[in-house]
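# Understanding the architecture of this molecule
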Amino acid sequence: MLEQLQLLRDLQELDQQKLDIDQQRQQQTGELAELQVVVDRLQEMVDTLDADIATIEESRGELRLSLTKEQDNVERAEKRLPQIKTQKEYVAVLKEVDTAKKLAKELEVQIAEKNQELESLQADRAEKVDELNTRQEETSSRKSEIDARIGELDGQLGTMASQRGNLVGQLPTPLRKRYELLLNRRAGLAVVEARSGACLGCNMHLPPQLFNSLFVTQEVQSCPHCSRLLFVVSPA
Ligand SMILES: [Zn+2]
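Residues numbered from 1 in each chain as written. Predicted model: local features only at pLDDT ≥ 70, side-chain atom pairs only at ≥ 80, totals over all residues. Heavy atoms only, no water.

## Structural notes on the overall build of the protein
Broken down by element type, the protein carries 4 helices and 4 strands. For the protein, the sequential pattern of α-helices and β-strands runs α-α-α-β-β-α-β-β. Against the globule reference of 18 Å for 236 residues, the protein gives a C-alpha radius of gyration of 40 Å, more extended than a compact globule. Overall, the C-alpha framework of the protein stretches about 130 × 35 × 30 Å when taken along its three principal axes. The buried share of the protein, taken over its 236 residues, is 31%. Counted over contacts in the protein with a minimum sequence separation of 6, partners at least 24 positions apart contribute 69%. Surface summary for the protein: the accessible area is close to 15300 Å², and the carbon and sulfur share equals 51%. (Helix = DSSP H or I, 4+ residues; strand = E, 2+ residues; numbered from the N terminus. Rg over C-alpha atoms; globule rule 2.2 N^0.38 Å. Buried < 20%, exposed > 50% of the residue type's maximum accessible area, 1.4 Å probe, protein only. Contact = heavy atoms within 4.5 Å. Areas by Shrake-Rupley, 256 points an atom, 1.4 Å probe, with all protein chains shown as cover.)

If you want it as structure tokens, here you go:
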């Protein structure tokens, strides 16, 4: 029976370590996820800038086409001038040239505005791409470290699983079930020391008779308050 209590204590210690390793593993994957969120957000910004740049380039392209058209109009009208016979027609063509020139001027202004917008967006994009590259490098090198650490932790978990199987296999089924149930209900702490008359799991005082019996009994005993399995460390 004392042997059973020792098995339970060993099992509890192993499960405590396992819990600790699970937490470390979670912390590592959590850190990686956080780094990835930053990378993804920067990538999104770059994508948005790319879309904005494409839209502006497209409308600049349309403006340039219109400009070419107006410049052609000016050229064609001016070529006609020497062949014109009447004053009335001459005035009409001059007016046509004037209108086309004005339109061309307006289009040039609009194109210049688009150029300015593009310049500023491209500068912004270059900045974001720089940051993205830096963050990607950082994340990728941290990821290698984290993957290696997770590999180590998984190796430890594997070893523990077989150790655990070995310990659990030596416990009678009802006791094993009792232990597993407590482990789930009591946040991973099923076997606790009783010291100075109290259960160290819930810090409640134990009935003195129960506490004293722990030093002599061969039975596995439970705390009446939290149901955890109790052991005592005999004074040396
Ligand atoms: Zn207790």
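## So, the domain arrangement of the protein
The domain boundaries assigned to the protein delineate domain 1 (14–171) and domain 2 (176–231). The centre of domain 1, based on its C-alpha atoms, is set 61 Å off from the matching centre of domain 2. The partner domain 2 presents 7 residues to the 6 residues of domain 1 that form the contact. Counting each side, the surface lost to burial between domain 1 and domain 2 is near 480 Å², with a carbon and sulfur contribution of 55%. For glutamate 180, the salt bridge goes to arginine 164, with nearest N and O atoms at 3.2 Å. (Domains from an automatic or database assignment. Buried area = accessible area lost by both parts, 1.4 Å probe. Salt bridge = Lys/Arg side-chain N within 4 Å of Asp/Glu carboxyl O.)

## Considerations on the packing of aromatic side chains
Counted according to the given criterion, the structure contains 1 aromatic pair. Aromatic pair phenylalanine 211 and phenylalanine 215: ring centres 5.4 Å apart, planes at 85°, arrangement edge-to-face. For phenylalanine 211, a relative accessible area of 13% gives the class buried. Positioned above the aromatic ring of phenylalanine 231 is the side chain of arginine 9, whose terminal nitrogen or guanidinium carbon lies 3.8 Å from the ring centre. (Phe/Tyr/Trp six-rings, centres within 6.5 Å; stacked < 30°, edge-to-face > 60°. Lys NZ or Arg CZ within 6 Å of the ring centre and 35° of its normal.)

## A short note on the pattern of salt bridges
Taken as a whole and assessed by the stated rule, the structure comprises 15 salt bridges. Lysine 143 is the salt-bridge partner of aspartate 147, the closest N and O atoms lying 2.7 Å from each other. Placement of both aspartate 147 and lysine 143 in helix α2 (residues 87–169) is noted, with a separation of 4 residues, approximately one turn of the helix. Exposure remark for lysine 143: the relative accessible area of 37% places this residue in the partly exposed category. Within this structure, Asp15, Arg164 and Glu180 form a network of salt bridges that share partners.

## Points about the coordination of the zinc ion
Coordination of the zinc ion by the protein is provided by Cys199 (SG), Cys202 (SG), Cys223 (SG) and Cys226 (SG), with metal-donor distances spanning 2.3 Å. For the zinc ion, the 4 donor atoms in the first shell make angles of 106 to 115° at the metal, so the coordination geometry reads as tetrahedral. All donors to the zinc ion come from one chain, and their sequence spacing reads C-x2-C-x20-C-x2-C. For cysteine 226, a relative accessible area of 5% gives the class buried. (Donors = N, O, S within 2.8 Å, 3.2 Å for Na, K, Ca; no water. Tetrahedral: all angles 85-135°; square planar, octahedral: opposite > 155°, others 65-115°.)

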